[in-house]
Amino acid sequence: MTGVPASAAGGSSSARRAGPRGASGAAQEPGECTGPGGAVDRGTADRGAAERGATEGGAAGRGGKIAAAAVNQASVWNVANLLTMLRLLLVPAFVALMLGNGGYDPAWRSFAWAAFAVAMITDLFDGHLARTYDLVTDFGKIADPIADKAIMGAALICLSALGDLPWWVTAVILGREVGVTVLRFVVIRYGVIPASRGGKLKTLTQGIAVGMYVLALTGPLATLRFWVMAAAVVLTVATGLDYVKQAIVLRRRGIAERRAALKGTEA
């Protein structure tokens, strides 16, 4: 038998190792297509690579969105929001303690005062923590004012229902709080009404006065709480009128700026 030349055998082995070739003899890269005349169709290969990249990019984008959503969801469970949630949970607990055993038991009233005090103290810290450590969330913006008004409203209504506080005092304080909240939403398109020092003093005075009424005080302390509540009512009305004034000024300024902007675009 005639032996196969070594060069031919080596060439055949090299061809097998080199992989498929086009008609021109050039080795084809994986994923390349051979066009007419043996030319490598790199356009097809490029399109395939682009499609693979788009698929991988889309998967990465979806993964990034899911991860971002998970981070945003987790951020709701921060210390500031947890304090706000605690304050909301203290509202029914306070009402139960306040009305326990007929509503006039000094021991039950003391427990109710403790719940009220914890709620007011957390109100001082949650907003500060959220602003200082960048923990402001949409949940906190909505839940914090609701929790503030819920605990104060529950205390005032319970005191009036038990005959310890005139109903007109409760109506003035709650009416002011609801009115200012509505006013903020009405003028929010023109700007934000900042919290004033008078408003903060009002909140502090209200908290002290209501806390003193929650406790079963007698003698000079009972007289003192009357005057503290009187000061709270005066501050409530004064700061409410100040908010109305600020809202009117803010609205007029916003309307004037819009008119000026319209005139500028027309010119």
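It should be noted that the structure appears before, not after, this text.
Residues numbered from 1 in each chain as written. Predicted model: local features only at pLDDT ≥ 70, side-chain atom pairs only at ≥ 80, totals over all residues. Heavy atoms only, no water.

Asker: Any chance you could break down the overall build of the protein for me, citing the residues and the numbers?
Answerer: If you tally the helices and strands in the protein, you get eight helices and two strands. The helix and strand sequence of the protein, counted from the amino end, reads α-β-β-α-α-α-α-α-α-α. Counting every position in the protein, which comprises 267 residues, the buried fraction comes to 31%. Pairs at least 24 residues apart make up 67% of the contacts formed inside the protein by residues separated by at least 6 positions. Here the protein has roughly 16600 Å² of accessible surface; of this, 68% comes from carbon and sulfur atoms. (Helix = DSSP H or I, 4+ residues; strand = E, 2+ residues; numbered from the N terminus. Buried < 20%, exposed > 50% of the residue type's maximum accessible area, 1.4 Å probe, protein only. Contact = heavy atoms within 4.5 Å. Areas by Shrake-Rupley, 256 points an atom, 1.4 Å probe, with all protein chains shown as cover.)

Asker: Any chance you could break down a nonpolar patch on the surface for me, citing the residues and the numbers?
Answerer: On the surface, Leu88, Ile142 and Ile146 cluster together into a nonpolar patch covering about 260 Å² of accessible area. Its location among the elements puts Ile146 in helix α5 (residues 138–161). (Patch = residues over 30% accessible without salt bridge, like charges linked within 9 Å, V, L, I, M, F, W, Y side chains within 5 Å. Salt bridge = Lys/Arg side-chain N within 4 Å of Asp/Glu carboxyl O.)

Asker: Break down the pattern of salt bridges for me, citing the residues and quoting the values.
Answerer: The tally for this structure, following the rule as stated, stands at seven salt bridges. In this structure, Asp126 engages Arg87 in a salt bridge whose closest nitrogen and oxygen atoms are separated by 2.8 Å. Note that Asp126 is positioned in helix α4 (residues 106–132) and Arg87 in helix α3 (residues 79–98), a separation of 39 residues in sequence. For the pair Asp126 and Arg87, a shared accessibility class is recorded, and that class is buried. Across the pair Asp144 and Arg87 runs a salt bridge, and its minimum N-O distance is 2.7 Å.

Asker: Which residues make up the packing of helix α6 (residues 167–186) against helix α8 (residues 220–266), and what are the values?
Answerer: With their axes 10 Å apart at the nearest point, α6 and α8 run at an angle of 25° to one another. Considering their axes alone, α6 and α8 lie roughly parallel with respect to each other. Viewed along their axes, α6 and α8 form a crossing whose handedness is left-handed. Judged by residue contacts, Trp168, Val169, Val172, Ile173, Arg176, Val180, Leu183 and Arg184 of α6 engage Met229, Val233, Thr236, Val237, Thr239, Gly240, Tyr243, Val244 and Ala247 from α8. (Axes fitted to C-alpha atoms, helices over the stretch in contact; angles between N-to-C directions. Parallel < 35°, antiparallel > 145°, perpendicular 65-115°, else oblique. Left-handed = near helix turned anticlockwise from the far one by under 90°.)

Asker: Could you give an account of a positive patch on the surface, naming the residues involved and the relevant values?
Answerer: On the surface, Arg189, Arg251, Arg252 and Arg258 cluster together into a patch of positive charge. When you line up the elements, Arg251 lands in helix α8. (Lys, Arg positive; Asp, Glu negative; His and termini not counted. Charge placed at Lys NZ, Arg CZ, Asp CG, Glu CD.)

Asker: How would you explain α6 if you had to name every residue and give the values?
Answerer: Counted at 1.5 Å a residue, the expected span for α6 with its 20 residues is 28 Å, and the 28 Å between its end C-alpha atoms agrees. On its buried face, α6 sits against α5, α7 (197–214) and α8. (Expected span 1.5 Å × (residues − 1).)

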